[in-house]
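# Geometric and topological summary
Letter by letter, the chains look like this.
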Amino acid sequence: IKIYDDFAHHPTAIETTLAGLRAQVGDEPILAVMEPRSNTMRLGSHKGLLADVTAKASQVYWYQPAGLDWDLHSVVEHSAVPANVYASVESVIHSVKAFAAENQGKAAHVLIMSNGGFEGIHTRMLQALQG
């Protein structure tokens, strides 16, 4: 499992990053872990675009942080790839561990996309995957 961190703040950046990673890894699984953190994302300004811009991922895990002004389930309902919404970072990490177990011995990629600290998910996830 390879883990990547990307500064995701706008749908165009999300789509470009996923397209670039997909071009590099071919048909290997990509799990996109998304935190809508920028002001425009938190307000829902781009919510109508998010299902389409994540289509290059194999799966998408959306984190619904406290204070988000809209419900991410609408994005999941329109997603072209399997997608889930999580209310806690712990549940995201638990699901990423399951993804890693399913892909044990195979090349797979976890792309964490946020424009902030994402409640320390990077370090926490690495510790969980190593333990």
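Thresholds, definitions, all that
- Residues numbered from 1 in each chain as written.
- Predicted model: local features only at pLDDT ≥ 70, side-chain atom pairs only at ≥ 80, totals over all residues.
- Heavy atoms only, no water.
- Buried < 20%, exposed > 50% of the residue type's maximum accessible area, 1.4 Å probe, protein only.
- Salt bridge = Lys/Arg side-chain N within 4 Å of Asp/Glu carboxyl O.
- Helix = DSSP H or I, 4+ residues; strand = E, 2+ residues; numbered from the N terminus.
- Pairing = 2+ DSSP bridges.
- Axes fitted to C-alpha atoms, helices over the stretch in contact; angles between N-to-C directions.
- Contact = heavy atoms within 4.5 Å.
- Polar contact = N/O pair within 3.5 Å; in protein donor to acceptor, adjacent residues only side chain to side chain.

### Remarks on unusual backbone geometry
Even without a glycine there, the phi angle at Phe-118 is positive, about 50 degrees. Its identity is not glycine, yet Glu-119 carries a phi of approximately 55 degrees, on the positive side. What makes Glu-119 partly exposed here is its relative accessible area of 45%.

### Quick word on the pattern of salt bridges
Pairs may arise between side chains of opposite charge once their charged atoms sit close together. All told, the structure shown has one salt bridge when counted by the stated rule. Note that Glu-90 is salt-bridged to Arg-124, the shortest N-O span being 2.4 Å. Of the two residues, Glu-90 sits in helix H5 (residues 89-102) while Arg-124 sits in helix H6 (residues 121-130), which places them 34 residues apart along the sequence. Owing to a relative accessible area of 27%, Arg-124 belongs among the partly exposed residues under this scheme.

### Observations concerning the sheet that holds strand E4 (residues 83-86)
Pairing is parallel across the open sheet formed by five strands, whose spatial order is E1-E5-E2-E3-E4. Edge positions in the open sheet fall to strand E1 (2-7) and E4, since each of these has one partner strand only. Neighbour-to-neighbour, the strand axes of the sheet open up by a mean angle of 20 degrees, direction not taken into account. As paired elements, strand E2 (residues 30-34) and strand E3 (residues 59-63) share four bridges and run parallel to each other. Looking across to E3, one finds that Val-33 is bridged to Tyr-61.

### Things to note about the environment of Tyr-63
Assignment of secondary structure puts Tyr-63 in strand E3. You can call Tyr-63 buried: its relative accessible area is 4%. Considering only alpha carbons, one finds Tyr-63 and Tyr-86, 23 residues apart in sequence, at a separation of 4.9 Å. Residue contacts for Tyr-63: discarding those within four places in its chain leaves Met-34, Glu-35, Pro-36, Leu-72, Tyr-86, Ala-87, Ser-88, Val-89, Val-92, Phe-118 and Glu-119. Polar side-chain contacts of Tyr-63 include one of 2.4 Å to the side chain of Glu-119.

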